[in-house]
Amino acid sequence: MSLPTTFNAFRIHDDDQGYRSGIERVSLDDLSPGEVVVKAAYSSVNFKDALAGTGKGKILRRFPLVGGIDVAGHVVASTDPRFREGDAVLTTGCGLSETRDGGYSEYVRLEGQWVIALPDGLDLRESMVLGTAGFTAALALLRMTENRQTPDLGPLAVTGATGGVGSLALDIFSRAGFEVHAVSGKTDQADYLKAIGATEVVGRDALATTRPMESTRFGGGLDNVGGPMLASLLAQTAPYGNVASAGLAASHALDTTVMPFIIRGVSLLGVASAGTARDIRETVWQRLASDWKPRHLDRICTRVVGLAGLPGVFDTMLEGGSFGRTLVDFQAA
Ligand SMILES: C=CC(=O)SCCNC(=O)CCNC(=O)[C@H](O)C(C)(C)COP(=O)(O)OP(=O)(O)OC[C@H]1O[C@@H](n2cnc3c(N)ncnc32)[C@H](O)[C@@H]1OP(=O)(O)O
Ligand SMILES: NC(=O)C1=CN([C@@H]2O[C@H](COP(=O)(O)OP(=O)(O)OC[C@H]3O[C@@H](n4cnc5c(N)ncnc54)[C@H](O)[C@@H]3O)[C@@H](O)[C@H]2O)C=CC1
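Residues numbered from 1 in each chain as written. Chains lettered and ligands numbered in written order. Predicted model: local features only at pLDDT ≥ 70, side-chain atom pairs only at ≥ 80, totals over all residues. Heavy atoms only, no water.

- Going by an unreviewed UniProt entry, the chain carries the name Acryloyl-CoA reductase and comes from Marilutibacter aestuarii.

**What to know about the side chain of Asp-171**
- Locating Asp-171 in the fold gives a position in helix H3 (residues 164-175).
- One buried charge, Asp-171, has no salt-bridge partner; the nearest side chain with opposite charge is Arg-295, at 4.7 Å.
- For Asp-171, the residues in contact, after removing those within four places along its chain, are Ile-196, Pro-294, Arg-295, His-296, Leu-297 and Ile-300. (Helix = DSSP H or I, 4+ residues; strand = E, 2+ residues; numbered from the N terminus. Buried < 20%, exposed > 50% of the residue type's maximum accessible area, 1.4 Å probe, protein only. Lys, Arg positive; Asp, Glu negative; His and termini not counted. Salt bridge = Lys/Arg side-chain N within 4 Å of Asp/Glu carboxyl O. Contact = heavy atoms within 4.5 Å.)

**Here we look at the packing of aromatic side chains**
- Taken as a whole and judged by the stated rule, the model has 6 aromatic pairs.
- The interplanar angle of 85° and the centroid separation of 6.1 Å between the aromatic rings of Phe-10 and Tyr-104 together place this pair among those described as edge-to-face. Of the two residues, Phe-10 is situated in strand S1 (residues 7-15) and Tyr-104 in the loop between strand S6 (88-92) and strand S7 (107-110); the sequence distance between them amounts to 94 residues. Each member of the pair, Phe-10 as well as Tyr-104, is classed as buried.
- Grouping aromatic residues by their ring pairs yields a cluster made of Phe-10, Tyr-104 and Phe-314.
- A cation sits over an aromatic face here: Arg-287 above Trp-292, 4.1 Å from the ring centre. (Phe/Tyr/Trp six-rings, centres within 6.5 Å; stacked < 30°, edge-to-face > 60°. Lys NZ or Arg CZ within 6 Å of the ring centre and 35° of its normal.)

**Topic: the layout of surface pockets**
- Its boundaries defined by the atoms lining it, the largest pocket holds a volume of some 1,200 Å³.
- If you trace the largest pocket, you find 49 residues lining it, with Phe-47, Asn-224, Gly-247, Leu-248 and Ala-249 closest to the centre.
- Those elements that place two or more of their residues in the lining of the largest pocket are helix H1 (47-54), helix H2 (124-146), H3, helix H5 (228-235) and helix H9 (310-318).
- Inspection of the lining of the largest pocket shows a minimum of three residues originating in each of domain 1 (7-118 + 297-329) and domain 2 (133-270).
- Looking at the second largest pocket, its volume works out to about 200 Å³.
- Around the second largest pocket, the lining comprises 16 residues; the ones closest to its centre are Thr-209, Thr-210, Ala-231, Asp-255 and Thr-256.
- Sort the elements by how many residues they give to the lining of the second largest pocket and H5 lands first, with 4 residues.
- Tallied by class, residues from the lining of the second largest pocket come to 7 nonpolar, 7 polar and 2 charged. (1 Å grid on protein atoms, 1.4 Å probe; cavity = no way out; pocket = protein on both sides within 12 Å on 5 of 7 lines; lining within 4 Å. Points joined across faces, edges and corners; volume = space filled by probe spheres on them. Domains from an automatic or database assignment. Nonpolar A, V, L, I, M, F, W, Y, C, P; charged D, E, K, R; others polar.)

**Concerning the pairing of strand S5 (residues 70-78)**
- Note that strand S3 (residues 36-45) and S5 share 6 bridges and pair antiparallel. Paired with Val-36 across the strands is Ser-78, a residue of S5. (Pairing = 2+ DSSP bridges.)

**Looking at the site of ligand 2**
- Taken together, 24 residues sit near ligand 2, with Gly-164, Val-165, Ala-246, Val-271 and Ser-273 positioned nearest.
- Within the side chain of Thr-162, an N or O atom sits 3.0 Å from an oxygen atom of ligand 2.
- Against a free-state accessible area of 850 Å², the protein chains account for coverage of 87% of ligand 2.
- When each cavity is represented as a set of grid points, ligand 2 is found to reside in the largest pocket.
- Here the shell around ligand 2 is composed, by residue class, of 10 nonpolar, 12 polar and 2 charged.
- Residue assignment places the shell around ligand 2 across two domains, with domain 1 (7-118 + 297-329) and domain 2 (133-270) each supplying three or more. (Near = heavy atom within 4 Å. Polar contact = N/O pair within 3.5 Å; in protein donor to acceptor, adjacent residues only side chain to side chain. Areas by Shrake-Rupley, 256 points an atom, 1.4 Å probe, with all protein chains shown as cover. Sits in = over half its atoms within 2 Å of the grid points.)

Here it is as C-alpha cells:
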C-alpha cells in the first residue's frame, strides 16, 4: 500500500522555545524506527498522555516525540514475519511517548516485539476504549488473583472510580465475580458508577484514617490516587488481601506503617502497564477479549475527539475532571 508523504501527528517539543505540543505534518522517516507500520484507527487519552502533552509530568525521556501511549489500527507494511498487511493490531505503553514516537499519529511505526494482534472478541474501537486504562485494570486483577485474591475475602475497593482506569476496573472486577465498591469524590455520579459495576459508592473522605490499622472493610482493591487514600486502603484490607497500586492522581507520596503487612499479611502489588512482558501482555488482552471483557464499554466511552481535540481534554483530566474514557478517533475532526 502506498503511504502519503506526510501526515498529521500530535508532536511534543521541549527546546529553547519552551515545552509545547500540537499537530504537525511529519513523514515516516521522522518517526522512531520499527518493523511494523500501522495506519492508526483509534488511540485514547490516559492521565499519562495529559502529563506528557502539557509537560506537567516527566514522561518523555527525549524530544521531540509524537505523544500518545496507545494505538490500534491496520498494518500497512511489515518486515516482521508475525504481521502482514491488513492485520488488525494494537500497542499500549512499551515506550510509546516516553522513548519512542507514540500513537497520536495517522501512521505509526512500531517495534514488532510490542505489537499485539487484535484478539478475537474485540474490535479496534473497543480495544482503544480499553487502551492502557483497561489493560492496567486487568493487569491489577491478574496480579491480585495470582496472589490468591478471591471474592470471599470481601469487596474490592476502586479509588479514582469515575476515571478511565477506575471505571474499567469496576466493570472488569464485577464481571470477574467480585463485589466492587467505588471510592469517589464525585458522589453525584453514583448512578453511573452503579450502572458499570459498583455495588456501593463510598465518598472519598469516608475512608480517611490516620490509624495504622482499622476494622477490615475490603478484601483488597485497586488504587489510582496514591497518598493518604492508598494508606487508608491498606489499613482497611482484610488478612491476606491485595492492594494494587496503579496511580498518583492525588499524590505520588505514600506515608504508611508496616502494620497491615506484618499483622494482616496484606500485599501491596505494583502495576506498571508500560513495562509488562509480552507473554503477560498477551494473557491480559486475551482475558479482556473474553471472560473479563467489560460489559459497559459504550457507557464508559464518554467522549470522542480527533487529534485537534487533545489539548482541551488534557487540562480537564489533570484538574480531576475526568469521567470515563476519551477515545481518539482518527476519522474525527
Ligand atoms: C500509564 C502509566 C502511568 O500513568 S504512570 C504515572 C505517570 N508517570 C509519572 O508521573 C512518572 C514521571 N516520572 C517522574 O516523575 C520522574 O522520572 C521520577 C520522579 C520517577 C524520577 O525523577 P528524577 O528526576 O529524580 O530522576 P530520573 O527521571 O532521571 O529517573 C531516575 C531513574 O529512573 C529511571 N526512570 C525514570 N522514568 C522511567 C521510566 N518511565 N521507565 C524506565 N525507567 C525510568 C531513569 O532512567 C533513571 O535511571 P537511570 O538508570 O539513572 O537511567
Ligand atoms: N501504573 C500504571 O501502569 C498506570 C497508571 N495510571 C495512573 O492511574 C491514575 C488514573 O489514570 P486514568 O484513569 O487514566 O486518569 P483519569 O483522569 O481518567 O482518572 C483519575 C481519577 O482520579 C480522580 N482524582 C483526581 N484527583 C484526585 C484527588 N486529588 N483525590 C482523589 N481522586 C482524584 C479523578 O476524579 C478521576 O476519577 C493516574 O495517576 C495514572 O497516572 C494509569 C494507567 C496505567
